[in-house]
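Structure assessment
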Protein chains: 2
Amino acid sequence: MKDELKRKILFPAGDKLPEMFSRYFTGQAYWAPLTQNKDLNCPISNVTFEPACRNNWHSHTGGQILVAVSGKGYYQEKGKPARLLQPGDVVEIAPDVVHWHGAAPDSWFSHLAIETNPQTNKNTWLDSVKDEEYFAATAE
Amino acid sequence: MKDELKRKILFPAGDKLPEMFSRYFTGQAYWAPLTQNKDLNCPISNVTFEPACRNNWHSHTGGQILVAVSGKGYYQEKGKPARLLQPGDVVEIAPDVVHWHGAAPDSWFSHLAIETNPQTNKNTWLDSVKDEEYFAATAE
């Protein structure tokens, strides 16, 4: 990853996503956990996507919150137009809503990912976001 | 608040803190809620402190997480040296730990405040951080 990007995202970029997650991503992403205290029930990590990288369609039984912190990305819920994300944007993902998120085709993107209701949360991973689908959704 | 600052903090600055909170602050702070969905159990707001503004010593039964996003601030736990906070720094405040946070004497400061374990959390507000105490803690 470019040094310039590392400076811009404020938060640590971390390492390449471990295989248990990267298998559900198209393209390369990086992952840095930012919290440790389990009593807080609020795991926060920084996820950085290379241009055009995105995760599969998926849902969380406990929901999730994204806080965009660098670059340009997208969030899309099944059946809705993709939403452009820029630094400062917050996405509240309700439990069980099928969605994907990732970088714009021409930009790196970092967001904080907050696992909500981690005491009971389970993730369900679905199909990858095919190129045709991704480029159509992010072309507007 | 200066327009320049508003642009720099990325997140909305919001309005002056309501009296139910401002009574526990020394100096002027601003507050912008960033989330709405109660099912996520993860209320996030952006808090902006004018220079030298800080809150009283206090604790949260459910803990709290701070994410510094703009300017320069401090976090201090009772009996420990104050910790300098700059954009990208994350503070995990364990349940019942007595602490305060606020701006540096010479800088505005904004942090995201995440209420953890909101289902049961209660705040306990204690003494204000007196000028002598504040300037000594932030002088290092």
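Residues numbered from 1 in each chain as written. Chains lettered and ligands numbered in written order. Predicted model: local features only at pLDDT ≥ 70, side-chain atom pairs only at ≥ 80, totals over all residues. Heavy atoms only, no water.

Moving on to the side chain of Thr116 of chain A. When you line up the elements, Thr116 of chain A lands in the loop between β12 (109-115) and β13 (123-125). One polar contact links the side chain of Thr116 of chain A to the main-chain carbonyl oxygen of Gly63 of chain A, over a distance of 3.0 Å. Those residues in contact with Thr116 of chain A that lie beyond four places of it in its chain are Gly62, Gly63, Gln64, Ile65 and Asn121 of chain A together with Leu40 and Cys42 of chain B. (Helix = DSSP H or I, 4+ residues; strand = E, 2+ residues; numbered from the N terminus. Polar contact = N/O pair within 3.5 Å; in protein donor to acceptor, adjacent residues only side chain to side chain. Contact = heavy atoms within 4.5 Å.)

A few words on the interface of chain B and chain A. Each partner contributes to the interface: chain B provides 28 residues, whereas chain A provides 28 residues. Together, the buried faces of chain B and chain A total about 2,000 Å²; carbon and sulfur atoms form 68% of this surface. Interface area lost by chain B to chain A is led by Leu10, Leu40 and Glu92 of chain B, which between them contribute 27%. Along the contact surface separating chain B from chain A lie 8 residue pairs in polar contact (both at pLDDT 80 or more). (Buried area = accessible area lost by both parts, 1.4 Å probe.)

Right, let's get into the relation of the copies chain B and chain A. Superposing chain B onto chain A takes a rotation of 180 degrees plus a shift of 0.0 Å along the axis, which leaves an RMSD of 0.0 Å. Both chain copies can therefore be described as sitting about a two-fold axis. Every residue of chain B has its C-alpha some distance from the rotation axis, and the shortest such distance is that of Cys42 of chain B, at 3.9 Å. Take the interface residues of chain B: 100% of them recur as interface residues in chain A, which is what a same-surface contact looks like. (Least-squares fit on C-alpha atoms with pLDDT ≥ 70 in both.)

To continue, consider the packing of aromatic side chains. All names here are of chain A. Scanning the entire structure with this criterion turns up 16 aromatic pairs over all chains. A network of ring pairs unites the aromatic residues Tyr24, Phe25, Phe49, Phe109 and Trp125 as a single cluster. One Lys or Arg, Lys78, reaches over the ring of Trp57 and ends 4.0 Å from the middle of that ring. (Phe/Tyr/Trp six-rings, centres within 6.5 Å; stacked < 30°, edge-to-face > 60°. Lys NZ or Arg CZ within 6 Å of the ring centre and 35° of its normal.)

With that out of the way, let us pick up the nonpolar core. Ranked by size, the top nonpolar core spans 22 residues in total, and within it Val67 and Ile114 of chain A together with Val67 and Ile114 of chain B carry the most contacts. Other than its neighbours up to four places away in sequence, Ile114 of chain A contacts Cys42, Pro43, Ile44, Gln64, Ile65 and Val67 of chain A together with Cys42, Ile44 and Ile114 of chain B. (Core = buried A, V, L, I, M, F, W, Y, C linked by side-chain atoms within 4.5 Å. Buried < 20%, exposed > 50% of the residue type's maximum accessible area, 1.4 Å probe, protein only.)

On to the sheet that holds strand β7 (residues 64-71) of chain B. Residues and elements named next belong to chain B. Pairing is antiparallel in the open sheet, where 6 strands are placed in the order β1-β3-β4-β12-β7-β10. Two strands in the sheet have a free side with no partner beyond their single neighbour: β1 (15-16) and β10 (90-93). Examined bridge by bridge, strand β4 (residues 44-49) and strand β12 (residues 109-115) share 6 bridges and lie antiparallel to one another. Bridging across to β12, Ser45 finds its partner in Ala113. (Pairing = 2+ DSSP bridges.)

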